[in-house]
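Residue-level listing of the chains:
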Amino acid sequence: MKELRETKKLFLTTPLDEATICARCGACNAVCCTHREQDWESTSPRGWLTILRGLADGSGHISDIPPDFVDRVFNCTTCGKCGQVCPVHIDLRRLWLGLRGEIVERGEGPAFVEQMNGVVAREHNVFDFPNDERAEWVEFMSDAPDHRYQKEKAGVLYYVGCVSSFSPAAQGITRALAKVLEESGTDFAILGGEEWCCGFPLMAAGLRKDAQAMIEHNLERLRSLGARTVVFNCPSCYHMWKHEYHLEGVELLHHTEFLARLIREGLLNLGMLEGVVTYHDPCDLGRNSGVYDPPREVLNSIRGLTLAEMLHNREEALCCGGGGDFEMLAPAMTQKIATRLVQEAVDADAQRLIVACPQCKRVEISGADALNAKLQIIDIAELVREAMLSAKRVESKQNQGGADGPS
């Protein structure tokens, strides 16, 4: 099978080439989170491939794209699970993204695509907020340094991302990670208003050319800062930089990887926390980037915690429903998909669902609310910060006991 995959990458050059080798087994349908909610063949990966073949002309190109098929192609979180289970190894995620690009280039994409493109071009973020407010989360920190983490030079760039910068549900992640980095002695900086969207939402919408402006700007700011390491708390930003920024000599790490390193090097003093936690593998960190062990290494480093894995974990983890621009297209269905994931966390008898993605946190909180689940959802950086504060409280009590005790 490995030889088949390598040969196919060498000789198959268009989405239609891969569509023709579909075995029609339906393995992809069984794991598709959006198909599960609709249960129509035309909303399934296998159905898309069938329609795609039928739309091809003799030259191997798509001759016509009906509007309803456009809706189907964008009705996808790009989680990558379909391609993972494909017995003939069709890279379905790449196929869907390539097909979206062709649809958009023909001017036939959904309305939200051009709307989002205009917003990102104007404000450099997907929330349509003034980009100079990107670092306002720092203002909610009572003990932030005078430079507000924005420096002319630093060894590490903390690339925050749009969701973590602007979404209230995710800003706790940025504040926690900033304090962890600061107290570990890491020489880091953020770009503030000079940070632009990583370009992933544009790429996911088929706007590859438009994403290039974001890439070039961020690379210029990285060079100006002089950082040799970039840390991300957003898996999609991390995946985008890894696969589209084509950097040499610069280390790119998700914050779970960097936190695990800091713990291994003895730079974080973690106190005890009690309870049962479960961990969700984000699609762009796990399945699409292969990072599974570092977050579990972090969790297992905190004394008192019990890690209970969900039924679907690691490469089989469920999608939260918020990826691939899908939430912009179908927010109600995103919430429905999120409830399945939250239910698995509840079934694992966990008190806390630990995430490693700001978008996962946002939509899983919504899913928990829909289920009325008594489950706390926090990012792994927030958990590490909590463990550090626990250690400080113990140390403070010990010091007070020493001061009050006999001389």
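Since the model is a prediction, treat every value here as computed from it, not as a measurement.

### Points about the pairing of strand 1 (residues 156–159)
- Side-chain alternation along strand 1 places V156 and Y158 on one buried face and L157 and Y159 on a second face that is also buried.
- Here two bridges tie strand 1 to strand 2 (residues 188–189), and the two strands are oriented parallel to one another. Within the sheet, the bridge partner assigned to L157 lies in strand 2 and is A189.
- Two elements, strand 1 and strand 3 (residues 229–232), share four bridges in a ladder whose sense is parallel. In the strand pairing of strand 3, Y158 is matched with V231.

### Focus on the layout of surface pockets
- Of the pockets and cavities examined, the second largest pocket occupies roughly 560 Å³.
- In terms of lining, the second largest pocket is formed by 36 residues, of which the most central are V163, S236, G322, G323 and Q359.
- Going through the elements one at a time, helix 10 (162–166), helix 12 (200–204), helix 14 (235–244), helix 17 (326–329) and helix 19 (358–371) are the ones with two or more residues in the lining of the second largest pocket.
- Per-element accounting of the lining of the second largest pocket gives the leading share, four residues, to helix 19.

### Some words on the packing of aromatic side chains
- Within the structure shown, the criterion is met by 12 aromatic pairs.
- For the pair Y149 and F188, a centre-to-centre distance of 5.2 Å together with 25 degrees between the ring planes defines the contact as stacked. You can see Y149 sitting in the loop between helix 9 (111–123) and strand 1 and its partner F188 sitting in strand 2, a full 39 residues away along the chain.
- Judged by its relative accessible area of 3%, F188 is buried.
- Aromatic ring contacts, followed pair by pair, group Y159, F232, Y238, W241 and Y245 into a single cluster.

### A word on the sheet that holds strand 1
- The strand order across the open sheet built from four strands is 2-1-3-4, with neighbouring strands paired in parallel fashion. Two strands in the sheet have a free side with no partner beyond their single neighbour: strand 2 and strand 4 (251–254).
- Against the sheet, helix 11 (residues 171–183) contacts strand 1 and strand 2, and its axis sits at roughly 165 degrees relative to strand 1.
- Strands in contact with helix 15 (residues 255–264) are strand 3 and strand 4; relative to strand 4, the strand with the most contacts, it is inclined by about 95 degrees.

### Some points on unusual backbone geometry
- Of note, the phi angle at R24 is positive, near 55 degrees, even though the residue is not glycine.
- Looking at where R24 falls in the secondary structure, it is placed in the loop between helix 2 (15–19) and helix 3 (27–31).
- Of note in the backbone geometry, H124 takes a positive phi value of approximately 65 degrees without being a glycine.
- A relative accessible area of 16% places H124 in the buried class.

### Section: helix 9
- Relative to the 18 Å expected for 13 residues at 1.5 Å per residue, helix 9 spans 19 Å between its end C-alpha atoms, a close match to the ideal helical length.
- Inspection of helix 9 places F112, V113, M116, N117, V119, V120 and E123 among the buried residues, and these make up the whole buried set. The buried side chains of helix 9 occupy one side of the element, clustering within an arc of 165 degrees when seen end-on. Within helix 9, the exposed residues directed more than 90 degrees away from the buried face are A111, E114, Q115 and A121.
- For helix 9, the elements touching its buried residues are helix 8 (92–105), helix 12, helix 13 (208–225) and helix 17.
- Positive backbone phi, at 65 degrees, marks H124, one or two positions downstream of helix 9.

### Re the packing of helix 18 (residues 331–347) against helix 19
- The N-to-C vectors of helix 18 and helix 19 enclose an angle of 80 degrees; their axes lie 8 Å apart at closest approach. One way to sum up the angle between helix 18 and helix 19 is to call them roughly perpendicular. Every residue of helix 19 that contacts helix 18 at T334, Q335, A338, T339, L341, V342 and Q343 is listed here: V363, E364, S366, G367, A368, A370 and L371.

### A word on empty space enclosed by the protein
- Throughout the structure, instances matching the rule amount to four cavities of 30 Å³ or more.
- Taken as a whole, the largest cavity encloses approximately 100 Å³ of empty space.
- What lines the largest cavity is a set of 13 residues, and nearest its centre among them are C32, C76, T77, C79 and C82.
- Among the residues making up the lining of the largest cavity, the classes are represented as eight nonpolar, four polar and one charged.
- Empty space within the second largest cavity amounts to approximately 90 Å³.
- Every residue lining the second largest cavity is counted, 14 residues in all, and those nearest its centre are C22, C25, C28, C86 and P87.

### Thoughts on the domain arrangement of the protein chain
- Here the domain parsing of the protein chain yields domain 1 (15–109), domain 2 (112–264) and domain 3 (275–392).
- Between the C-alpha centres of domain 1 and domain 2 the distance comes to 31 Å.
- Listed by partner, the interface residues are seven residues for domain 1 and 10 residues for domain 2.
- Buried surface at the junction of domain 1 and domain 2, summed over both partners, amounts to about 600 Å²; 64% is from carbon and sulfur atoms.
- When the buried area of domain 1 at its contact with domain 2 is split by residue, F74, R93 and V104 rank highest and sum to 55% of it.
- On inspection of domain 1 and its partner domain 2, the count reaches zero salt bridges.
- Put simply, domain 1 and domain 2 have one residue pair in polar contact (both at pLDDT 80 or more) between them.
- Tallied by class, residues from the side of domain 1 that touches domain 2 come to three nonpolar, one polar and three charged.

Cut-offs applied
Residues numbered from 1 in each chain as written. Predicted model: local features only at pLDDT ≥ 70, side-chain atom pairs only at ≥ 80, totals over all residues. Heavy atoms only, no water. Buried < 20%, exposed > 50% of the residue type's maximum accessible area, 1.4 Å probe, protein only. Helix = DSSP H or I, 4+ residues; strand = E, 2+ residues; numbered from the N terminus. Pairing = 2+ DSSP bridges. 1 Å grid on protein atoms, 1.4 Å probe; cavity = no way out; pocket = protein on both sides within 12 Å on 5 of 7 lines; lining within 4 Å. Points joined across faces, edges and corners; volume = space filled by probe spheres on them. Phe/Tyr/Trp six-rings, centres within 6.5 Å; stacked < 30°, edge-to-face > 60°. Contact = heavy atoms within 4.5 Å. Axes fitted to C-alpha atoms, helices over the stretch in contact; angles between N-to-C directions. Expected span 1.5 Å × (residues − 1). Arc of directions from axis to C-beta. Parallel < 35°, antiparallel > 145°, perpendicular 65-115°, else oblique. Nonpolar A, V, L, I, M, F, W, Y, C, P; charged D, E, K, R; others polar. Domains from an automatic or database assignment. Buried area = accessible area lost by both parts, 1.4 Å probe. Salt bridge = Lys/Arg side-chain N within 4 Å of Asp/Glu carboxyl O. Polar contact = N/O pair within 3.5 Å; in protein donor to acceptor, adjacent residues only side chain to side chain.

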